[in-house]
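Architecture and fold: a report
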Amino acid sequence: MFIRKPSDIVSSEITSEEIYRQRRQFLRVGGALLGAAALPVWFSDDAAQAATPAASFGPSLGAIGKSKYSTGETQNSYEQITTYNNFYEFGIDKSDPAANAQTLRTRPWTVTLEGLVQKPRTLGIEDVLKLVPLEERIYRLRCVEGWSMVIPWVGFSLSALLKQVEPLGSAKYVEFVSQADPAQMPGVRSGVLDWPYTEGLRMDEAMHPLTLMAVGLYGRVLPNQNGAPIRLVVPWKYGFKSAKSIVRIRFVEREPRTAWVKAAPAEYGFYSNVNPAVDHPRWSQAKERRIGEFFKRATLPFNGYADQVAQLYSGMDLRRYF
Ligand code: MTE
């Protein structure tokens, strides 16, 4: 029997990313010759600028405040953000989540907070939405595969949710568990990862004000392919730390073994801070391609959030704790 290792799959993802780029370059050249209007919106750089979504893009979330943590960089378009996704529960191609995630049922939805806490609780998503006022946070997202986007999330700091259950002093880490229902998520029937998708943060990372629970995007309810109804966003770490469609948050004493660490420990570390100086074993992390742009740009330490988070790691050898 042929067993496809997740490490192989990620490598083929990289290949398909390159093929996608070559195709895009080909279309760009063709577009210049034929007239850019002939190109589909996805292949046009103008798409990144034409970022305002129509009201039909999903139900509104109501009043949303602005955040001091937002970047002023050009946002990727709604279409780019919702059609170029990683969500292995719905397939391994970038277009699979948008094509397949409609089967995910996001109501009723509960999030269970448990483990080393005073007051374990299971909260309905409606109650979670009422905890604190929602705000828009425009964050850079840097994927470990070498691409990036700028995404206007809507959400609130994870710390507001975690404080509800009064974590004990013995809780040193937080584990996040995604929904894994094979009936709704065709990818879960494959062995591509050890389901459910799990991620983890150290307690101080989880409590950091930049760490976001996102429930929306572009002022609208989060589309399924982006991790509805609630997902993590940790902007200074590679995108895979930002677990989607979360159902369980567990407070633990020891560093949790995450889905990607289990799949390929030499390639994916627990910390996964964006770090241009530490290569992935099979490719450089020095540069990234912003979706919608042609030329690569330099990747910044901690994805440009060093001023806010570098002190969390002072004294740590970031080559060892990658
Ligand atoms: N969460 C789950 N449950 N399953 C996944 O496959 N992919 C991760 C992360 N969260 C993933 C996940 C990766 S690799 C990235 S880059 C981001 O989600 C992508 O988020 P986006 O599709 O909203 O841009």
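Anything mentioned here points back to the structure above.
Keep in mind it's a predicted model, so treat the numbers as computed, not measured.

1. What about the nonpolar core?
With 81 residues, the main nonpolar core has W153, I249 and F251 as its most contacted residues. If you tally residues by element for this core, the top one is strand β5 (residues 147–157), at six residues. Residues in contact with W153, not counting those within four places in the same chain, are E135, E136, R137, Y139, L141, L212, A214, G216, L217, L222, R231 and V233.

2. A look at the pattern of salt bridges
Going through the model one piece at a time under the given rule, you end up with 20 salt bridges. Measuring nitrogen to oxygen at the nearest pair gives 3.2 Å for the salt bridge that ties E136 to K66. One end of the pair, E136, is in strand β4 (residues 135–142); the other, K66, is in strand β1 (residues 65–66), with 70 residues separating them in the sequence. You can call K66 exposed: its relative accessible area is 68%.

3. Regarding the site of the ligand
N85, Y88, E89, S242 and K244 are the nearest of the 16 residues found near the ligand. In this structure, N86 approaches the ligand through a main-chain N or O atom, which is 3.3 Å from a nitrogen atom. At 2.9 Å, a side-chain N or O of N226 approaches an oxygen atom of the ligand. Coverage of the ligand by the protein amounts to 98% of the 540 Å² it exposes when considered alone. A per-class count over the shell around the ligand returns seven nonpolar, six polar and three charged.

4. With respect to the sheet that holds strand β11 (residues 246–252)
Strand pairs in the sheet, formed through backbone hydrogen bonds, run parallel or antiparallel to each other. Within the open sheet, the five strands sit side by side as β3-β2-β11-β6-β7. Their pairing is mixed. The two strands at the open ends of the sheet, each matched to only one other strand, are β3 (121–124) and β7 (198–202). Put simply, the sheet's adjacent strands are angled 15° from each other on average, direction ignored. Pairing geometry for strand β2 (residues 110–115) and β11, over four bridges, is parallel. Along β11, the bridge assignment pairs T112 with R248.

Rules used in this analysis
Residues numbered from 1 in each chain as written. Predicted model: local features only at pLDDT ≥ 70, side-chain atom pairs only at ≥ 80, totals over all residues. Heavy atoms only, no water. Core = buried A, V, L, I, M, F, W, Y, C linked by side-chain atoms within 4.5 Å. Buried < 20%, exposed > 50% of the residue type's maximum accessible area, 1.4 Å probe, protein only. Helix = DSSP H or I, 4+ residues; strand = E, 2+ residues; numbered from the N terminus. Contact = heavy atoms within 4.5 Å. Salt bridge = Lys/Arg side-chain N within 4 Å of Asp/Glu carboxyl O. Near = heavy atom within 4 Å. Polar contact = N/O pair within 3.5 Å; in protein donor to acceptor, adjacent residues only side chain to side chain. Areas by Shrake-Rupley, 256 points an atom, 1.4 Å probe, with all protein chains shown as cover. Nonpolar A, V, L, I, M, F, W, Y, C, P; charged D, E, K, R; others polar. Pairing = 2+ DSSP bridges. Axes fitted to C-alpha atoms, helices over the stretch in contact; angles between N-to-C directions.

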